[in-house]
Amino acid sequence: MSESVQGSAVVIMAAAVAAVLLAELLRGIRLPVVVLEIVLGILIGPQVLHWAVVHPFIDGLSQLGLALLMFLAGFEADPARIRGRPLNLAVAGWGGSLVLGLAAGAMLAASGRVLSGLIVGLALATTALGTLLPIVRDAGLLDTRFGTFVLAAGTVGEFGPIVAIALLLTSDAPWHTAVLL
């Protein structure tokens, strides 16, 4: 590994630590650590200060960080807490998004603009709201009524696309896959 890649890794680790320290120093502002990590990542990256270089190792770190953020969002999911109206609204909202996404994908495929309306439809119905759950928790909103609805929407928005992709894209026999699931 070259010195520039090693230096980039050190700068990235320092930025991660700095984000936590800044969040503690700015506790009165209640700025989530994730937001500071993203801002510092942009600043040290190749588009601003050029302190971190583009390299497959650094890209691997980036992918690992995204996976860890997804796991953090998964830890927030609490099925007992979202039961009832929050879950029903989240399922209805995501189901509506799926129908609209699949309809838009079908129209784009029919017009020849995309190769697969199904993939486009699923992509349009996929949310990243689950990744915001750590931010909602850090802001102290997760234990509120609003936080419960965000938690429900984030859980369904992350879990729904996984199930839909497993059913629709992984086999030639979706009903067989559905039975196995």
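All values reported here derive from a predicted model rather than from experimental measurement.

### Thoughts on the confidence of the model for the protein chain
When pLDDT is averaged across the protein chain, the result is 83; 87% of the residues are at 70 or more. Taken element by element, the protein chain is modelled with least confidence in helix α9 (residues 174–180), mean pLDDT 61, and with most confidence in helix α5 (residues 85–110), mean pLDDT 93.

### Comments concerning the layout of surface pockets
Of the volumes computed, that of the largest pocket is approximately 1100 Å³. Lining the largest pocket are 31 residues, and of these Glu37, Leu61, Ser62, Gly65 and Leu66 sit closest to its centre. For the lining of the largest pocket, the elements supplying multiple residues, two or more each, are α1 (3–25), α2 (33–44), α3 (56–76) and α7 (133–138). In terms of residue count, the dominant contributor to the lining of the largest pocket is α3 (10 residues). Among the residues forming the lining of the largest pocket, the class breakdown is 22 nonpolar, five polar and four charged.

### Concerning helix α6 (residues 117–125)
The complete set of buried residues in α6 reads Gly117, Gly121, Leu122 and Ala125. The buried residues of α6 all sit within an arc of 130 degrees when viewed along its axis, so they share a single face.

### Section: the packing of α5 against α6
A packed helix pair is summarised by two numbers, namely the angle formed by the two axes and the spacing between the axes. Running from amino to carboxyl end, α5 crosses α6 at an angle of 145 degrees, the nearest separation of the two axes being 7 Å. Viewed along their axes, α5 and α6 form a crossing whose handedness is right-handed. Across the interface between the two elements, Trp94, Ser97, Leu98, Gly101, Leu102, Ala104, Gly105, Ala106, Leu108 and Ala109 of α5 pack against Gly117, Leu118, Val120, Gly121, Leu122, Leu124 and Ala125 of α6. Taken together, the residues of the contact of α5 with α6 break down into 12 nonpolar, five polar and no charged.

Rules behind the numbers
- Residues numbered from 1 in each chain as written.
- Predicted model: local features only at pLDDT ≥ 70, side-chain atom pairs only at ≥ 80, totals over all residues.
- Heavy atoms only, no water.
- pLDDT = per-residue confidence, 0-100.
- Helix = DSSP H or I, 4+ residues; strand = E, 2+ residues; numbered from the N terminus.
- 1 Å grid on protein atoms, 1.4 Å probe; cavity = no way out; pocket = protein on both sides within 12 Å on 5 of 7 lines; lining within 4 Å.
- Points joined across faces, edges and corners; volume = space filled by probe spheres on them.
- Nonpolar A, V, L, I, M, F, W, Y, C, P; charged D, E, K, R; others polar.
- Buried < 20%, exposed > 50% of the residue type's maximum accessible area, 1.4 Å probe, protein only.
- Arc of directions from axis to C-beta.
- Axes fitted to C-alpha atoms, helices over the stretch in contact; angles between N-to-C directions.
- Left-handed = near helix turned anticlockwise from the far one by under 90°.
- Contact = heavy atoms within 4.5 Å.

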